[in-house]
Amino acid sequence: MILDWQAFTPWQALLGGALIGLAAAWLALLHGRVAGISGMVSGLLERRTDWRARLAFVLGLMAAPGLWLLAVGGLPVSLVEAGGGRLLLAGILVGVGTRLASGCTSGHGVCGLARLSPRSLAATMAFMCAGFVTVAMFRHWGA
């Protein structure tokens, strides 16, 4: 395995993680909500009473890369090189997994683990293991 030192950005990762944690804590303390993206989007699509807050959350997520580009002038990673079919399949699989796990990686991995939820620990272990296996398969058999 070769480590790409140019893509290794520990300070940006630390800052990003701290901002995610701060945003999740802010949302939990001020609004009593878990910062799970799948829950936010599904509640937005169902037009729940707090749809404005959910919309602001989702729009903020969508605006973040653009704000980063304005502030820094470039992304520290390369864009995904996959065809539309692969991306569509990946999106469907993520959606199905999110429904099966009753939440997404952000809801379980960031917020659920912080609340010491056993269900979130099991879900996080499952999606991390699935990710490890997927990467190993693609590296072994190719894409």
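Residues numbered from 1 in each chain as written. Predicted model: local features only at pLDDT ≥ 70, side-chain atom pairs only at ≥ 80, totals over all residues. Heavy atoms only, no water.

If you look at the biggest cluster of nonpolar residues, it comprises seven residues: A24, L27, A35, M40, L44, V58 and C111. Where this core is concerned, the elements lending two or more residues are α1 (10-31) and α2 (37-45). In contact with A24, other than residues within four places in its own chain, are A35, V110 and C111. (Core = buried A, V, L, I, M, F, W, Y, C linked by side-chain atoms within 4.5 Å. Buried < 20%, exposed > 50% of the residue type's maximum accessible area, 1.4 Å probe, protein only. Helix = DSSP H or I, 4+ residues; strand = E, 2+ residues; numbered from the N terminus. Contact = heavy atoms within 4.5 Å.)

With that settled, the discussion passes to the packing of α2 against helix α3 (residues 51-72). It is the contact of α2 with α3, at a shortest axis distance of 9 Å, that shows an interaxial angle of 130 degrees. Relative to α3, α2 is oriented oblique. Seen along the crossing, α2 lies across α3 with a hand that is left-handed. From α2, I37, G39, M40, V41, G43 and L44 reach across to α3, where they touch W51, R54, L55, F57, V58 and L61. Partitioning the contact of α2 with α3 into residue classes produces nine nonpolar, two polar and one charged. (Axes fitted to C-alpha atoms, helices over the stretch in contact; angles between N-to-C directions. Parallel < 35°, antiparallel > 145°, perpendicular 65-115°, else oblique. Left-handed = near helix turned anticlockwise from the far one by under 90°. Nonpolar A, V, L, I, M, F, W, Y, C, P; charged D, E, K, R; others polar.)

On to the pattern of salt bridges, then. Taken as a whole and judged by the stated rule, the model has one salt bridge. Taking the shortest distance from any N to any O, the salt bridge between D50 and R54 comes out at 2.9 Å. Looking at D50, the relative accessible area reads 25%, which means it is partly exposed. (Salt bridge = Lys/Arg side-chain N within 4 Å of Asp/Glu carboxyl O.)

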